[in-house]
Amino acid sequence: MRSPLLIAFLFLMALSMAVVLAVPNFKKKFKEYFVTEHRTILGKVVGSLSPGAETYVILKIKQKENIFVEIYKEDPKTETLQFLQKLDLGQKKEGHFTFKGEATNLVFTNIDNDENLEILVPVFDSEMTARLYTVKYNESIMQFEILNSN
């Protein structure tokens, strides 16, 4: 009696797994349920926005399928990092560019000749077109914001 029930149960489990693996949406949901959130650091820059200002640590992160910029403020005495902000670039593919003769994927530089530095973040969009995002600190709202994508 138990044997036919066990065989039927195993058959239904195998059939269910085949359906989950064959349908992309089911496969993705199944994977997200069992796989923990994976983060990869793609790039890191450390510096001050202006001379004598606080030190920031900027990380370019790939998490799940999207690329983010995470911004931390460094305590000068303890060197501990305080999370400030996470910006979603809305892109999935890592990019790089040549800056001052060096290939890089994240840069702290002054592009608008004001007193503060900006963060340049290269990525590729879904059509493999290169995009260069500019992230700047907005003093009026006391947050970083994405200015544009070229």
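A brief look at the structure comes next. Being a predicted model, the structure only gives us computed values, none of them experimental. (Residues numbered from 1 in each chain as written. Predicted model: local features only at pLDDT ≥ 70, side-chain atom pairs only at ≥ 80, totals over all residues. Heavy atoms only, no water.)

1. So, the pattern of salt bridges
Part 1: Applying the stated criterion across every chain, the model contains nine salt bridges.
Part 2: Notably, a salt bridge pairs K136 with D112, separated by 3.2 Å at the nearest N-O pair. Here D112 lies in the loop between β8 (107–109) and β9 (118–124) and K136 lies in strand β10 (residues 130–138), a separation of 24 residues in the sequence.
Part 3: For the salt bridge of K136 with E118, the shortest nitrogen-to-oxygen distance reads 2.6 Å. Here the residue K136 occupies a position in strand β10, and E118 occupies one in strand β9, the gap between them amounting to 18 residues.
Part 4: In this structure K136 comes out as buried when scored by relative accessible area, which is 13%. (Salt bridge = Lys/Arg side-chain N within 4 Å of Asp/Glu carboxyl O. Helix = DSSP H or I, 4+ residues; strand = E, 2+ residues; numbered from the N terminus. Buried < 20%, exposed > 50% of the residue type's maximum accessible area, 1.4 Å probe, protein only.)

2. Some words on the sheet that holds strand β2 (residues 55–63)
Part 1: The four strands are arranged β1-β2-β3-β4 in an open sheet whose pairing can be described as antiparallel. Each of the sheet's edge strands pairs with one partner strand only, and the pair in question is β1 (39–48) and β4 (81–88). Here the strands of the sheet are splayed against their neighbours by 20° on average, with no regard to which way each runs.
Part 2: Bridging between β1 and β2 involves nine bridges; their strand directions are antiparallel. What sits directly across from V46, in β2, is V57. (Pairing = 2+ DSSP bridges. Axes fitted to C-alpha atoms, helices over the stretch in contact; angles between N-to-C directions.)

Any link to function would need more than the numbers given here.
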